[in-house]
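One-letter residues, chain by chain:
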Number of protein chains: 2
Amino acid sequence: MATIRDVAKLAGVSLGTVSKVINGVDSVRPKLAKRVAAAMEALDYHPNQVARSLKVRRTQTIGVLVSDVANPFFTGVMRGIEGEARSHGYSVIFCDSNEDPDLERTNLDTLFARRVDGALIIPTNAHTAEQHLVRRRFPLVFIDRIPPSFNGSAVVADNFGAAEEATRHFIGLGHKRISIITGTLTLSNGLDRLEGFRKALQQAGLPLHDEYLQQGDFLLESGYRCGLKLLQHPVPPTAILCCSNQMTLGLMRAMREMSISCPDRVSILGFDDFDWAENVNPRLTTVAQPMMEMGKQAMQMLLRRITSIHEGVYGEEEKVVLKTELRVRDSTAPPLEVLDPAPHEV
Amino acid sequence: MATIRDVAKLAGVSLGTVSKVINGVDSVRPKLAKRVAAAMEALDYHPNQVARSLKVRRTQTIGVLVSDVANPFFTGVMRGIEGEARSHGYSVIFCDSNEDPDLERTNLDTLFARRVDGALIIPTNAHTAEQHLVRRRFPLVFIDRIPPSFNGSAVVADNFGAAEEATRHFIGLGHKRISIITGTLTLSNGLDRLEGFRKALQQAGLPLHDEYLQQGDFLLESGYRCGLKLLQHPVPPTAILCCSNQMTLGLMRAMREMSISCPDRVSILGFDDFDWAENVNPRLTTVAQPMMEMGKQAMQMLLRRITSIHEGVYGEEEKVVLKTELRVRDSTAPPLEVLDPAPHEV
DNA sequence: TTGAAAGCGCTACCAC
DNA sequence: GTGGTAGCGCTTTCAA
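All figures in this text were calculated on a predicted structure; none of them were measured in a lab. (Residues numbered from 1 in each chain as written. Chains lettered and ligands numbered in written order. Predicted model: local features only at pLDDT ≥ 70, side-chain atom pairs only at ≥ 80, totals over all residues. Heavy atoms only, no water.)

**Some remarks on the protein's contact with DNA strand C**
No. 1: Neighbouring DNA strand C are 23 residues; A:Ile4, A:Tyr45, B:Arg29, B:Lys55 and B:Arg57 lie closest to it.
No. 2: Among the atoms of DNA strand C close to the protein, meaning within 4 Å, 73% are from sugar or phosphate groups.
No. 3: Here A:Ile4 contributes a backbone N or O atom positioned 2.4 Å from a phosphate oxygen of DNA strand C.
No. 4: Residue A:Tyr45 places a side-chain N or O atom 2.5 Å away from a phosphate oxygen belonging to DNA strand C.
No. 5: Elements that contribute at least two residues to the surface near DNA strand C include exactly helix 2 (15-22) and helix 4 (49-56) of chain A together with helix 2 (15-22) and helix 4 (49-56) of chain B.
No. 6: Top contributing element to the surface near DNA strand C by residue count: helix 4 of chain A, with four residues. (Near = heavy atom within 4 Å. Polar contact = N/O pair within 3.5 Å; in protein donor to acceptor, adjacent residues only side chain to side chain. Helix = DSSP H or I, 4+ residues; strand = E, 2+ residues; numbered from the N terminus.)

**Some thoughts on the state of the cysteines**
No. 1: In total, this model carries zero disulfides over all chains according to the counting rule given.
No. 2: Among the cysteines around A:Cys243, which has no disulfide bond, A:Cys242 carries the closest sulfur, lying 6.9 Å off. (Disulfide = S-S within 2.5 Å.)

**Remarks on the relation of the copies chain B and chain A**
No. 1: Each copy superposes on the other: chain B lies on chain A with an RMSD of 0.1 Å after a rotation of 180° and an axial shift of 0.1 Å. Taken together, the turn and the small shift mark the pair as related by a two-fold rotation axis. Considering only C-alpha atoms, the part of chain B nearest the rotation axis is B:Ile93, at 2.1 Å.
No. 2: Interface overlap between copies: 100% of the residues of chain B at the interface are likewise at the interface in chain A, consistent with a symmetric, same-surface contact. (Least-squares fit on C-alpha atoms with pLDDT ≥ 70 in both. Contact = heavy atoms within 4.5 Å.)

**With respect to the packing of helix 2 of chain B against helix 3 (residues 30-43) of chain B**
Residues and elements named next belong to chain B.
No. 1: In the contact formed by helix 2 and helix 3, the axes pass within 10 Å of each other and the chain directions differ by 85°. Classed by the angle they form, the pair helix 2 and helix 3 counts as roughly perpendicular. Across the interface between the two elements, Thr 17, Val 18, Val 21 and Ile 22 from helix 2 touch Leu 32, Ala 33, Val 36 and Met 40 from helix 3.
No. 2: Residues that form the contact of helix 2 with helix 3 fall into these classes: seven nonpolar, one polar and no charged. (Axes fitted to C-alpha atoms, helices over the stretch in contact; angles between N-to-C directions. Parallel < 35°, antiparallel > 145°, perpendicular 65-115°, else oblique. Nonpolar A, V, L, I, M, F, W, Y, C, P; charged D, E, K, R; others polar.)

**Things to note about the domain arrangement of chain A**
No. 1: The assigned domain composition of chain A is domain 1 (4-47), domain 2 (58-156 + 291-323) and domain 3 (159-289 + 327-339).
No. 2: For domain 1 of chain A and domain 3 of chain A, the distance between their C-alpha centroids amounts to 64 Å. (Domains from an automatic or database assignment.)

**With respect to the protein's contact with DNA strand D**
No. 1: Not every one of the 23 residues close to DNA strand D is listed here, only the nearest: A:Thr17, A:Arg29, A:Arg57, B:Ile4 and B:Tyr45.
No. 2: Here the atoms of DNA strand D within 4 Å of the protein split so that 71% fall in sugar or phosphate, with bases taking the remainder.
No. 3: Here a phosphate oxygen of DNA strand D and a side-chain polar atom of A:Thr17 are 2.6 Å apart.
No. 4: Of all the secondary structure elements, the ones that give two or more residues to the surface near DNA strand D are helix 2 and helix 4 of chain A together with helix 2 and helix 4 of chain B.
No. 5: Per-element tally for the surface near DNA strand D: the top contributor is helix 4 of chain B, with four residues.

This is how it looks when you write it as structure tokens:
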């Protein structure tokens, strides 16, 4: 493979001159520059970024550590990251920690060894394996979830507000028996959604029965299990807030198996909005998170940290909370009692 | 940041010795090795992979170029790739070409400049931008789609067989008016599915009317558009084979808008099997592709090419075709006429 | 078994 | 403007 040396020789100039041409430094006479360009072309020369990285002590690479690629939510975030990274000349090394904290740590070490300029991370759980990197002043920003006691940079969705709005939507429809299937409560996104739900209920003066609070773990199976429990209750809820797309799928399965129709018997509202949500029967009312935007802003934040640390100033950690959007479709409707109220209730 | 030099100094040994310890060469006295290890620990030393890569002329990194991360099919493949890569000590640089051939080319150049040891690629379309890399003997394997006139390594699903099996499923159910919504026909996966469909029809002595052959482009909108055309036909088909998950969603939308129920009025069968397929109403019959397996085998194939090329032998290009699986659920059923045949048809 | 030294391909500094 | 040269952090001979 041709090196800068070969190019210099063929063009009859020095290494330094070729380097300048490569890097667009314009203190090179056009004539020489042209000769160099011709030589590069002739030799099919492509600058070796590895060598460059070693010299300039920057790899123009960032690491992205997701807890599970299979989740389409992360996929959306990934798109945002990738686009923003590319437009700033960065490449991204991708790692999947498979929801495994040990793997997360190993991956982080790998990224560090490869000298990525910084990393974006969607943490697996309450683990704080990454704290040592924060202390080492390694540019790091968290996405979607914030581990407890973590005080680094992050971009998350307004989970509290989203759950509150969703719950109020139920309340506005006339629902009284409202239930929630939560995500993992050791994760900020899981907890915040529950709190938002609680607040909306409280403000409306509605009680929250213990049986109506089902704790899931964001995965399909738990949505199914919790759904079954809720629906088999002697006085089942008329509305269910489901805190992840996977769990919503599980809940739908439970409803189908029990032949409970939606929204007639129970209204459902899920987190995350994907293509399928608006094309299934009934079309699902959902809370849409700005996935791409989260990825994009996280990348921008990381870039800021990289440059500031590079300049020696270890600036303030930032935190950005992005608004969500409630998309009302057909899976939420007034409860039957309201449509056809018993006389004594009027 | 500590370097190998600092470690050597602190441990009172030479650079070479430290290097040996790092790389597990056992010609180092245990006593010294221990001293070195202690020094590394004390200095929080992490070997610089960039420097190592420059020296050994291998980055232990591969590039993955997908046409669109947002598609859950690629996500599945990605999981397979990542796991296999990691277990072999490889990292993956990820690029999304957004179905844009120019971007695909740019990304390929970036990967090359970064001196990845090889690349896995899900090409965008008929473009052959990558041919120059093949000629350059750069280790490359294609996944899912094979550009026409490409003769490099690849792992794909048995698209022909899958479509054939799916179509026969319709035929076995008693359908006579069977239609297909194809993918992009300039891509091998799009074309092979159409051919498999054709063959099954032919073998059963069934005609294929032009109006029943709708050409889509794998995307949701085209599924919707084609679905509408099909369903508005004076003599609509009783069964539709839909060649991608996105298009199936579009088709479902068309059916909902026209209030055509599935499988009563028309049976549908889609390509790709995701969580939502078996949890919507009705549960979808699908062709499942071995996504993870495709990623895994592609990575293994790439590894073989990397080592063989490294050893100077430019071995034969390989091609692997993986079996698919038909998952019969509730969206396919016998046509109404068969359930309640008119007397003269018996 | 260990150490010294060369060099991977590039950038950047300093003379000219 | 241009060229020579040192050196980024590591591996890998070759001698000792």
